Amino acid sequence: MLHHVELWVPDLERAVRSWGWLLESLGCEPYQEWPHGRSWRRGETYLVVEQSPALTADSHDRLRPGLNHLAFHVPDRTELDRLVAEAPRHGWSPLFPDRYPHAGGPEHCAAYLEDVDGFEVELVARA
């Protein structure tokens, strides 16, 4: 099982605003905090956002080799709709809004969001 995911971000405070809102909305709790990073945990798995002093670039491109997106479960369509409606206030923009909630196909109920730094999440509603 996944232990943790660490995302290196160009702006920690911006990432804390967007990722913190999303992860806490999904039931994660703040876990760790240090000058260059924060983490949120649910169960034994946690997600880190860090503005590392070792960064060699100032942007993320999900279309290059590496991480494309993270996908999270959402309890149902009602919760998915709520998150999608609130997301823009927290730095997330919808991807494929014209095909929401079936951009992944007719049997797949999900939202695809991108933050200002280009990180994508997929929120998948359970049937």
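Nothing here was measured: the structure is a model prediction, and the numbers come from that model.

(A) Here's a closer look at the overall build of the protein. Helix and strand counts for the protein come out as two helices and eight strands. In terms of overall size, the protein behaves like a compact globule, its C-alpha atoms giving a radius of gyration of 14 Å where 127 residues would be expected to give roughly 14 Å. Dimensions of the protein along its principal axes, counting C-alpha atoms only, are 45 × 30 × 30 Å. Taken over 127 residues, the protein has a buried fraction of 40%. Long-range pairs, those at least 24 residues apart, make up 56% of the contacts in the protein between residues at least 6 apart in sequence. Only carbon and sulfur atoms are counted for the fraction: they give 52% of the accessible area of the protein, which is about 7500 Å². Averaging the coordinates of the 12 positive side-chain charges in the protein and doing the same for the 21 negative ones gives two points 2 Å apart.

(B) Examining helix H1 (residues 12–25) more closely. The first and last C-alpha atoms of H1 sit 19 Å apart over 14 residues, in line with the 20 Å expected at 1.5 Å per residue. At Trp 19, H1 shows its maximal kink, close to 25 degrees. Within the sequence span of H1, burial applies to Leu 12, Ala 15, Ser 18, Trp 19, Gly 20, Trp 21, Leu 22 and Leu 23. Where H1 starts, the residue carrying a side-chain oxygen 3.3 Å from the main-chain nitrogen of Glu 13 turns out to be Asp 11. Backbone geometry just downstream of H1 places Gly 27 in the positive-phi region, at approximately 95 degrees.

Calculation criteria
Residues numbered from 1 in each chain as written. Predicted model: local features only at pLDDT ≥ 70, side-chain atom pairs only at ≥ 80, totals over all residues. Heavy atoms only, no water. Helix = DSSP H or I, 4+ residues; strand = E, 2+ residues; numbered from the N terminus. Rg over C-alpha atoms; globule rule 2.2 N^0.38 Å. Buried < 20%, exposed > 50% of the residue type's maximum accessible area, 1.4 Å probe, protein only. Contact = heavy atoms within 4.5 Å. Areas by Shrake-Rupley, 256 points an atom, 1.4 Å probe, with all protein chains shown as cover. Lys, Arg positive; Asp, Glu negative; His and termini not counted. Charge placed at Lys NZ, Arg CZ, Asp CG, Glu CD. Expected span 1.5 Å × (residues − 1). Bend = angle between axes of the 7 residues up to and from the residue. Polar contact = N/O pair within 3.5 Å; in protein donor to acceptor, adjacent residues only side chain to side chain.

These figures capture arrangement, not role.
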